[in-house]
Amino acid sequence: MMSRSSLLHRVLLWFSLACLLLGGLAAWHAAAQPQRGTALVMTLDGAIGPATGDYFVRGLDIAAEREARLVVVRLDTPGGLDASMRDMISAMLSSEIPVAFYVSPGGARAASAGTYLLYASHVAAMAPATHLGSATPVQIGGGGGLPGIGEPEAPDDADAQDAESTSGGKAKSAAATASSSQGDDAVEASAGAGDDTAADDDTAADDDTAAGDEEAVPKRRGETAMERKVLEDAVAYIRSLAERHGRNADWAEDAVREAVNLTAREALERNVIDVLATDLDDLLAQIDGREVVMEDGSITLRTADLAVERFDPDWRTRLLEVITNPNVAYFLMIIGFYGLIFELSNPGSLVPGTIGIICLLLALFAFQVLPVNYAGLALILVGLGLIVGEALMPSFGILGIGGIVAFVIGSVMLMDADTLNISLPLIGGIALVAAGLMLWVLTRFLGLRRRPPRTGQEELVGLEAEALEDFQGEGHVRLHGERWNARSEQALRRGQTVRVIAIDGLTVEVVPREASS
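This text gives an overview of the structure that appears in the document. Quantities reported herein were computed from a predicted structural model and do not represent experimental measurements. Per chain, residue numbering runs from 1 following the sequence as it is written. Under the rules for a predicted model, residues below a pLDDT of 70 receive no local features and side-chain atom pairs below 80 are neither given nor counted, while totals for whole chains, interfaces and linings still include all residues. Hydrogens and water are ignored here; the side-chain numbers use all heavy atoms of the structure.

1. Points about the nonpolar core
Quick note on the threshold: The set of buried Ala, Val, Leu, Ile, Met, Phe, Trp, Tyr and Cys residues whose side-chain atoms join them within 4.5 Å is what this entry labels a nonpolar core. Exposure is judged per residue with a 1.4 Å probe applied to protein chains only, and the accessible area is read against the type maximum: over 50% gives exposed, under 20% gives buried, and values in between give partly exposed. Under the scheme used here, helices are H or I runs from DSSP no shorter than 4 residues and strands are E runs no shorter than 2 residues, and both carry numbers assigned from the N terminus.
One finds F56, I89, F101, Y116 and L132 to be the most contacted residues of the largest nonpolar core, which totals 54 residues. For this core, the element with the most residues is helix α7 (residues 225-245), which contributes seven residues. In this structure, Y330, I334, F367 and M438 belong to the second largest nonpolar core, which totals 30 residues.

Below, the structure written as structure tokens:
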């Protein structure tokens, strides 16, 4: 008869085998089913800069690691740095994963650099009540006296002749129109059918003239050589992006030259974007089956069943955004400079020097990635140096005023980008603080000049002494507990209190205290 223990062992064995069999079947079934792909969703909200560029590139790397099928970037930007924008476009064009830029939510915009990003994306989409455009590059720190930079060029002779011929042609056309109208009035009473024919001919001629005038309107090319270089480079860049993805290159050129804008629906009608979607699910549904151009050829998107994963800006992106904010970087530079000055003036205090070196290094990192005008930075440093020099070597305001003027001018010139200018109230506030510090130093030094001397021979003038003997002319007095040679034009008695009125080497000139008072 089988024991109870052996029976229990058999039951456990069969139960274990059954569990293993069910687990294997489940694993085989899961492997047999097709895996559901993912779409990585990022958010770019604000000006395009080094922080957003780093965030975008890291997002593409994460999408590649997770083997995502699509990257969707929700965009709302007023523009930003050209260098950061080009880095993002280069990373996007070389990506193995298609990237869809989606301007959303309602009220968002893809202005300036955002327009370039839309044209560079594999799928360009917008939500209702959004717009794009105004892609004209803005150059704040232009030339300045160099030949060919900052100076308008005279029109070529051929251009002048074309302008004269165009104006002459218009004048001749106007005269011909007037004479033909007068001729029509004269013939009107005798030939009705001929009038209709003449009127048709005049209308056709007017249409041709109007069309010719429209074609004669010149494109905006910039007033200076530098503006022309920047503008033509931007036009060629955005046209190449439009031609790569089969979008409207002519409107892209107008957006750069004339800063024109389009609403989302107008952009869809003019083949500027690919999709007009109300939300993310609608976007994924509309682009399913769409063919996009990648670096190594065309692929067909399969987005109907994608699972959405989000990669929002993390602490690193937030920290970079704060540090690379021009106002914060500017303030860090000021704190770092004064921290080092206080440490050098009071060696061993440690706290100002530690804070100053940290702030200065952070400011230098920010200036490395920001479009800094180094002439402006040099003016700021010279201005701060002159203000400190005023405190250490008073010049009655000459160094201080010059330092404040250089500081303000340099602060205004510091940034070369329109969307990354330093706040004027911040510049004014720091300049006022520096001016207040300089004024306080000046008043302190003026007050010290009015005080009587505390050290040296000048300190002895006006002090009282005691005559050690009766004398008139040469004698001796006790001053500060010391025996001094004395000279007096009046007769003095021993023990009489006298007052010092002058010092001549090691001899003091004294008078009786009653006479000096």
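Having seen the structure, we can now continue with the description.
2. Topic: the pairing of strand β9 (residues 291-294)
Looking along a regular strand, one sees the side chains alternate between the two faces of the sheet. Just so we agree on the cut-off: Whether two strands pair depends on DSSP finding at least two bridges between them.
Burial of the side chains of β9 is restricted to one face: V292 and M294 are buried, whereas none of E291 and V293 on the reverse face is. Relative to strand β10 (residues 297-300), β9 runs antiparallel, the two sharing four bridges. Opposite E291, over in β10, you have T300 as the bridge partner. Hairpin connection, β9 to β10: the antiparallel pair is bridged by two residues.

3. Quick look at the packing of aromatic side chains
Under the convention used in this document: Centres within 6.5 Å make a pair out of two Phe, Tyr or Trp rings, where for Trp the six-membered ring is used; the pair is then stacked when the planes are under 30 degrees apart, edge-to-face when over 60, and tilted otherwise. As a reminder, the over-ring test applies to NZ of lysine and CZ of arginine, requiring each to be within 6 Å of the ring centre and within 35 degrees of the ring normal.
Per the counting criterion, the structure on display carries six aromatic pairs. Geometrically, the ring pair formed by Y55 and F311 is stacked, given 5.3 Å between the ring centres and 20 degrees between the ring planes. One end of the pair, Y55, is in helix α2 (residues 50-65); the other, F311, is in the loop between β11 (307-310) and α11 (315-323), and 256 residues separate them in sequence. Both residues of the pair, Y55 and F311, belong to the buried class. Aromatic ring contacts, followed pair by pair, group F337, Y338 and F342 into a single cluster. Over the ring of Y237 we find R86, and its NZ or CZ is 4.2 Å from the ring centre.

4. Remarks on the packing of α2 against helix α3 (residues 82-93)
Rules: The axes used here are C-alpha line fits, helices contributing only the stretch in contact, and every angle between their N-to-C directions lies in the interval 0 to 180 degrees. An angle below 35 degrees is read as roughly parallel, one above 145 as roughly antiparallel, one from 65 to 115 as roughly perpendicular, and any other as oblique. By definition in these notes, contact holds between two residues if any of their heavy atoms fall within 4.5 Å.
In contact at an axis separation of 9 Å, α2 and α3 are set at 10 degrees when each is read in the N-to-C sense. It follows from the interaxial angle that α2 and α3 lie roughly parallel. In contact with P50, T52, G53, F56, V57 and L60 of α2, α3 contributes S84, M88, A91 and M92.

5. Digging into the sheet that holds strand β6 (residues 131-133)
Judged by pairing direction, the sheet is mixed, and its three strands sit side by side in the order β4-β6-β7 without closing on themselves. Since the sheet does not close on itself, it has two edges, and those belong to β4 (109-111) and β7 (261-263), each with one partner. Direction aside, the axes of adjacent strands within the sheet are offset by 10 degrees on average. Bridging between β4 and β6 involves three bridges; their strand directions are parallel.

6. A few points about the packing of helix α4 (residues 113-120) against α7
Defined as follows: Three classes are used, and their members are as follows: Ala, Val, Leu, Ile, Met, Phe, Trp, Tyr, Cys and Pro are nonpolar, Asp, Glu, Lys and Arg are charged, and the others, Gly among them, are polar.
Closest axis-to-axis distance for the α4/α7 pair is 8 Å, and the angle between their directions is 30 degrees. Viewed along their axes, α4 and α7 adopt a mutual orientation that is roughly parallel. Along the contact surface, α4 presents T115, Y116, Y119 and A120, while α7 presents A234, Y237, I238, L241, A242 and H245. In the contact of α4 with α7, the residues fall into eight nonpolar, two polar and no charged.

7. Some points on the pattern of salt bridges
The condition is simple: When a carboxyl oxygen of Asp or Glu lies within 4 Å of a side-chain nitrogen of Lys or Arg, that pair is called a salt bridge.
On inspection of all chains with the given rule, the structure shows 17 salt bridges. For D54, the salt bridge goes to R58, with nearest N and O atoms at 3.0 Å. Residue D54 and its partner R58 are located together in helix α2, separated by four residues, close to a single helical turn. E253 is paired through a salt bridge with R257; the nearest N and O atoms lie 2.8 Å apart. One end of the pair is E253 and the other is R257, both in helix α8 (residues 249-257) and four residues apart, which spans about a single turn. As far as the burial class goes, E253 and R257 line up, both buried.

8. Looking at the pairing of strand β13 (residues 471-479)
The pairing of strand β12 (residues 464-467) with β13 spans two bridges and is classified as antiparallel. Paired with E466 across the two strands is R478, which belongs to β13. A loop of three residues connects β12 with β13, the two strands running antiparallel in sequence. As paired elements, β13 and strand β14 (residues 482-492) share eight bridges and run antiparallel to each other. The residue bridging E474 from the neighbouring strand is R487, located in β14.

9. A word on the sheet that holds strand β15 (residues 497-504)
Taken together, the five strands give a closed barrel; going around it, the order is β12-β13-β14-β16-β15, and neighbouring strands pair in mixed fashion. Taken pair by pair, the neighbouring strands of this sheet meet at an average axis angle of 50 degrees, ignoring direction. Of the pairings in the sheet, the one linking β12 to β15 comprises three bridges and is antiparallel in character. Paired with A465 across the two strands is V498, which belongs to β15.

10. Considerations on the environment of G473
Positionally, G473 belongs in strand β13. Note: C-alpha distance between G473 and A486 (13 residues apart in sequence) is 8.0 Å. When residues no more than four places from it in sequence are discounted, the contact partners of G473 are A486, R487 and S488.

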